[in-house]
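A closer look at the structure
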Amino acid sequence: MEKRFVYADNAATTKISRPVMDVLIPALDLYGNPSSLYELGGKSKMALENARAQCAKAIGAAPAEVFFTSGGSEADNWALKGAAAMLQKKGKKHIISTAFEHHAVLHTLDALKKQGFEITLLPVHENGIVRVDELLAALREDTGLVSIMFANNEIGTIQPIREIGAQLRRRGILFHVDAVQAMGNVPIDVQAQQIDLLSISGHKIHAPKGVGLLYIRKGVAIANLIDGGAQERGRRAGTENIASIIAFGKAMELASQNIQERAAKVAVLRDRLIDGALQIERSRLNGDRTHRLPGNVNLCFEGIEGESLLLMLDMQGICASSGSACTSGSLDPSHVLLAIGLPHEIAHGSLRLTLTDENTMEDVEYILHKLPPIVERLRSMSPLWETIKKEEGQTECIQNR
């Protein structure tokens, strides 16, 4: 099969789409400061508020509830630290999250723990899904905030957000949702899902890097993260990134359209990729088979290292990852895979392939053509695989006696 280029790492970042690029390029000429009183600044202000309205509509919010940030990590930090600062005044110093959140959440919680907050991280079990009954059992009188991602960035499992939101709203507990991976893949309605704080990143939905948003429900008070000027209605200082925000608004508009149709198309590719890859000996799919993002495939192959697998796939023109792009330089196995119960030696051999509707069945077949011989070659050089096969042979001998 002729070598081709296949981009299958869309959970790490996405290519700027043509419709988004078409609004981004002209927006670079819109250089007036939106805080200025003259006409040039007024044009920037008008474009800024139009983008805010687009973003708000995409998630079922009001424009006044949308605040632009530099991305998902800032939005997560602001939501957690800002909420914690206000809750502390009320004696609410207990926060609940999960063991497999993105590090933008986990590391922020670590920082809050040093400030005296008590953190409970819920287990996510083998299927990678939070159990609502375990969340309810973990609630305390001083619980003020729960932060649960909509969909996991590594294994793609989708959480019961609507059910959790209803339970927490009934109890008056703030609910933050990291929706960075979910946006554009599943419908988001902050009103219906009873979400108080929600984080989104532009570069995951075909917008530029360096732009995102935090939704703050009307009536929810959180402290500022960045102080300075009066931008974003005095909530987030710094002159706005007008061109990227305009592009982000367009991307949000597009991401909220035809979700079911796009998801169905991508799910066909995902399922073919999963079925084909699982034909490889001692391979496994990580996370729930059904309740997962339409384009997410996360696999483990015993006896090999994920880094070597990625390098050999790259030589064949296939872009993939072994987990979160934010921890790609780490030699430690994925905390997500450890959280669902995988041992270190298996978690090290992970592969994440993430697709969008720009991928094709030809891309999938190309991956399935190249993947098995690469796994076989790596195993032929692996002392660990040799040990696995030796132990397997000894077990068969015992069983046949």
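Here the structure is shown first, and the text comes after it.
**Brief notes about the sheet that holds strand β7 (residues 197–201)**
Read from one edge to the other, the open sheet built from seven strands follows the order β2-β8-β7-β6-β5-β3-β4, with strand pairing classed as mixed. What marks the edges here is a single partner per strand, and that holds for β2 (66–69) and β4 (118–122). Strand after strand, the sheet turns through a mean of 20° between neighbouring axes, direction not considered. Two strands pair when backbone bridges link them, and strand β6 (residues 174–178) and β7 are joined in this way by three bridges, in the parallel orientation. Looking at the pairing, V177 lines up with L198 of β7. Relative to β6, helix α6 (residues 161–171) is tilted by about 160°, and along the sheet it contacts β5 (143–147) and β6.

**So, unusual backbone geometry**
Positioned with a positive phi, R233 is a non-glycine residue whose angle comes to about 55°. Looking at the secondary structure, you find R233 in helix α7 (residues 231–234). You will see that N258, though not glycine, has its phi angle at about 50°, which is positive. Relative to the helices and strands, N258 is located in the loop between α8 (242–255) and α9 (259–277).

**Considerations on the sheet that holds strand β9 (residues 283–285)**
Taken in spatial order, the three strands line up as β9-β10-β12 in an open sheet, and their pairing is antiparallel. Each having just a single partner strand, β9 and β12 (350–354) make up the two edges of the open sheet. Direction aside, neighbouring strands of the sheet carry axes that sit 25° apart on average. Bridging between β9 and strand β10 (residues 296–301) involves three bridges; their strand directions are antiparallel.

**Concerning the nonpolar core**
Core analysis: the largest hydrophobic core is formed by 65 residues, its most contacted members being I59, L198, F248 and M252. Looking at which element gives the most residues to this core, the answer is α8, with nine residues. Setting aside residues up to four positions removed in sequence, L198 forms contacts with I59, H176, V177, A179, I188, V190, L213, L214 and Y215. I304, Y366, I367 and L371 belong to the second largest nonpolar core, which has 30 residues in total.

**Comments concerning a nonpolar patch on the surface**
Among the surface-exposed residues, Y31, Y38 and L40 lie close enough to one another that they form a single nonpolar patch of about 370 Å² accessible area. With respect to the helices, strands and loops of the structure, Y31 is situated in the loop between α1 (18–27) and α2 (39–59). The class for Y31 is exposed, based on a relative accessible area of 66%.

About the thresholds
Residues numbered from 1 in each chain as written. Predicted model: local features only at pLDDT ≥ 70, side-chain atom pairs only at ≥ 80, totals over all residues. Heavy atoms only, no water. Pairing = 2+ DSSP bridges. Helix = DSSP H or I, 4+ residues; strand = E, 2+ residues; numbered from the N terminus. Axes fitted to C-alpha atoms, helices over the stretch in contact; angles between N-to-C directions. Contact = heavy atoms within 4.5 Å. Core = buried A, V, L, I, M, F, W, Y, C linked by side-chain atoms within 4.5 Å. Buried < 20%, exposed > 50% of the residue type's maximum accessible area, 1.4 Å probe, protein only. Patch = residues over 30% accessible without salt bridge, like charges linked within 9 Å, V, L, I, M, F, W, Y side chains within 5 Å. Areas by Shrake-Rupley, 256 points an atom, 1.4 Å probe, with all protein chains shown as cover. Salt bridge = Lys/Arg side-chain N within 4 Å of Asp/Glu carboxyl O.

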